[in-house]
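Letter by letter, the chains look like this.
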Amino acid sequence: PDPHVTSSRQEEGGENVNKTTMDTNTLLLRFDGRSRLLLRSLLSGATGARRGLWVFQRQRRSDPDRCLHTCLETLCQQEICLNSDAQTLTTKPLVCLFPVAFQRSLVSFLHLTHPLHPRTSVLHLLDCLSQGEHAPNPWVSALVVQLRRDLGAPGGKEPLITPQCRERLRGLCERLRDSGGGDDKATGWALCLGGPIEPQLSSSSQGGLDVVPKRKSSCVDLDSEPEDDAGQQRKRMRISLSPVDTERSCSSMEYVVGTEGLKDEMETDRVVGASIPQIKEMLESEMEWDQSSVDIFKVLNDCDPSQVEILCRMLSLSEMPEQTLPQLCSCLLELSPDLSHSTAATLIKSLLLGKVLSLSEPASRCLVTAVTSLCSRYPRPTCHALIGPVLEEGQTGSAQAELLNRLIEDCLDPHFRLLVFQMTIKGIWCEGLLSVIHALLDKKLELNEELFTLFTDQLSSQAPHFTKSMKYAKMMLTVLTKYNTHVTVAHKRTLSCCLSSNETFLKKSLQAALKRIKHS
């Protein structure tokens with residue numbers, strides 16, 4: 001062959017590969033970061049569905065409420081593309097522009113996770129995969145029909161395989177059966193598939209395709225002695241590939257990608273279930289806990305968020321006496337490796353949130369010890385599972401504020417204090433919350449201009465509710481003295497409006513502090 005022609009073809013093939021990659025990367029830009037990571041895993045060829053399941057499970061560990069509503073709706077959006085046959089512009093669902101291998105992996109992934117996603121979004125996606133001027137890929141079509149059956153949706157009664165596919169299966173089975181050659185002694189596939197084909201005439205298999213049976217045993221001992229005629233007559237499995245049976249076979253094949261994960265999950269469920277009586281007995285006993293007590297809690301490292309929630313509910317951790325909390329927290333802190341974010345957050349919420357919200361007087365020593373110890377080891381889970389909900393509930397009384405101020409002072413690093421400060425801006429302001437904000441501002445937070453602007457806007461909107469509040473006035477004084485370098489001309493106007501409605505004796509001091517702020 002002409003080397004110039006060969007070289008030209010190779011370059012052209014390389015350009016096509018690069019163009020496909022570029023197009024796929026361009027399509028992925030429509031999605032947010034976490035969805036993009038999941039979709040890239042589904043582009044991993046034959047292992048795409050398994051990789052996607054792995055990624056999705058870990059994303060849900062950090063966000064148990066995660067679903068793919070936005071991602072699925074984006075895949076259904078209409079995109080302008082070039083019609084390769086007519087060389088004209090047309091529109092197609094975004095999912096149809098991805099490779100067929102991706103579509104197969106996506107539907108197989110949804111087989112395993114569809115209960116976690118909105119049903120309407122999944123059905124909309126299946127409609128998009130089924131439409132178009134060209135017939136969809138047969139394998140994708142079969143997966144779509146099977147998923148419709150699982151959802152109990154219209155279109156689930158269509159056959160999973162086409163007549164052409166059924167004929168190919170017939171021919172393949174005939175070739176495999178006849179592959180032993182003309183020798184008298186059967187070998188290879190003929191040995192496995194030998195024997196007459198006996199049609200099964202039943203209402204469900206008439207007109208279908210019967211395939212020769214195969215042995216149950218998949219292991220052959222090459223060193224064993226030859227068997228007699230009776231020994232060679234082994235039990236065989238008969239697979240009848242009638243339309244009904246064929247569809248059942250295809251249905252089972254589609255779940256292969258999740259088999260290993262499901263087995264591991266079942267084993268984990270068994271271990272968790274066996275641990276519940278042991279943990280419950282230990283919690284109810286009055287004996288001192290030792291290293292064996294710590295070992296019992298190691299099961300938490302094998303649990304996903306839903307299993308931890310079930311464990312907490314069955315153990316009634318929210319109702320545990322406060323005097324037991326320090327001992328339990330001590331065991332949790334001795335676990336190695338540390339608990340995952342989601343596991344720690346679920347435990348903290350179950351153990352502590354109800355007790356903190358119900359405080360009507362200063363927290364007991366046992367409760368303070370439990371909260372501070374867990375917050376020191378797991379600050380981010382504590383912020384999300386305990387501090388955030390307390391602020392958002394609008395129930396920050398003096399007892400809650402005192403406990404939160406202690407965490408701010410003793411347990412939280414600067415970046416976690418900043419995280420709590422962002423939560424306070426969104427929370428419902430009350431006298432207790434004002435003392436928490438004041439404690440945070442006293443720590444001289446590193447506020448950027450955007451966050452400081454949000455805070456001053458919130459100060460302005462809340463000012464009419466705290467015209468006689470000394471806590472509000474003292475917080476304002478801290479802002480004007482410790483954060484004067486953050487104040488711009490626009491901020492100054494906003495703060496001036498806040499002070500105009502103030503009725504405390506600090507009003508003149510506040511106005512003087514604001515007047516002293518100069519701008520370069």
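Fair warning: this is a prediction, and the values are worked out from it, not measured in the lab.

Enquirer: So what's going on with unusual backbone geometry? Which residues, and what values?
Expert: Note on backbone geometry: most residues besides glycine have negative phi, and most peptide bonds are trans. Cis rather than trans, the peptide bond between Ser336 and Pro337 has omega equal to 0°. Tracing the sequence through the fold places Pro337 in the loop between α15 (325-333) and α16 (341-357). One non-glycine residue with positive phi stands out, namely Ser316, at about 55°. By the secondary structure assignment, Ser316 is in the loop between α14 (305-315) and α15. In this model, Lys444 sits at a positive phi of 50°, which is unusual for a non-glycine residue. Relative to the helices and strands, Lys444 is located in the loop between α21 (431-441) and α22 (449-462).

Enquirer: Can you lay out the packing of aromatic side chains for me, pointing to particular residues and giving the numbers?
Expert: A full pass over the atoms with the stated rule returns 5 aromatic pairs. Here Trp429 and Phe455 contribute two aromatic rings whose centre-to-centre distance is 6.4 Å and whose plane-to-plane angle is 45°, an arrangement assigned as tilted. Of this pair, Trp429 sits in the loop between α20 (414-426) and α21 while Phe455 sits in helix α22, placing them 26 residues apart in sequence. Consider the rings of Phe466 and Tyr472, whose centres lie 5.8 Å apart with planes at 5°: the pair is stacked. Note on accessibility: Phe466 and Tyr472 belong to one class, buried. Pairwise contacts between aromatic rings join Phe421, Trp429 and Phe455 into one cluster. Over the face of the ring belonging to Tyr483 we find Lys444, whose NZ or CZ atom lies 4.8 Å from the ring centre.

Enquirer: Give a detailed account of the pattern of salt bridges, specifying residues and quantitative values.
Expert: Enumeration according to the criterion identifies 8 salt bridges in this entry. Close ionic contact of Glu79 with Arg30 constitutes a salt bridge, the shortest N to O distance being 2.8 Å. Highlighted residues: Glu79 in strand β1 (residues 78-83) and Arg30 in the loop between α1 (3-28) and α2 (33-42), separated in sequence by 49 residues. We classify Glu79 as buried; its relative accessible area is 15%. Residue Asp410 pairs with Arg406 through a salt bridge whose shortest N-O separation is 3.8 Å. Here Arg406 and Asp410 lie together in helix α19 (residues 398-410), a separation of 4 residues that amounts to about one turn. Classification of Asp410 as exposed rests on a relative accessible area of 52%. Overall, the relative accessible area of 43% leaves Arg406 in the partly exposed class.

Rules used throughout
- Residues numbered from 1 in each chain as written.
- Predicted model: local features only at pLDDT ≥ 70, side-chain atom pairs only at ≥ 80, totals over all residues.
- Heavy atoms only, no water.
- Helix = DSSP H or I, 4+ residues; strand = E, 2+ residues; numbered from the N terminus.
- Phe/Tyr/Trp six-rings, centres within 6.5 Å; stacked < 30°, edge-to-face > 60°.
- Buried < 20%, exposed > 50% of the residue type's maximum accessible area, 1.4 Å probe, protein only.
- Lys NZ or Arg CZ within 6 Å of the ring centre and 35° of its normal.
- Salt bridge = Lys/Arg side-chain N within 4 Å of Asp/Glu carboxyl O.

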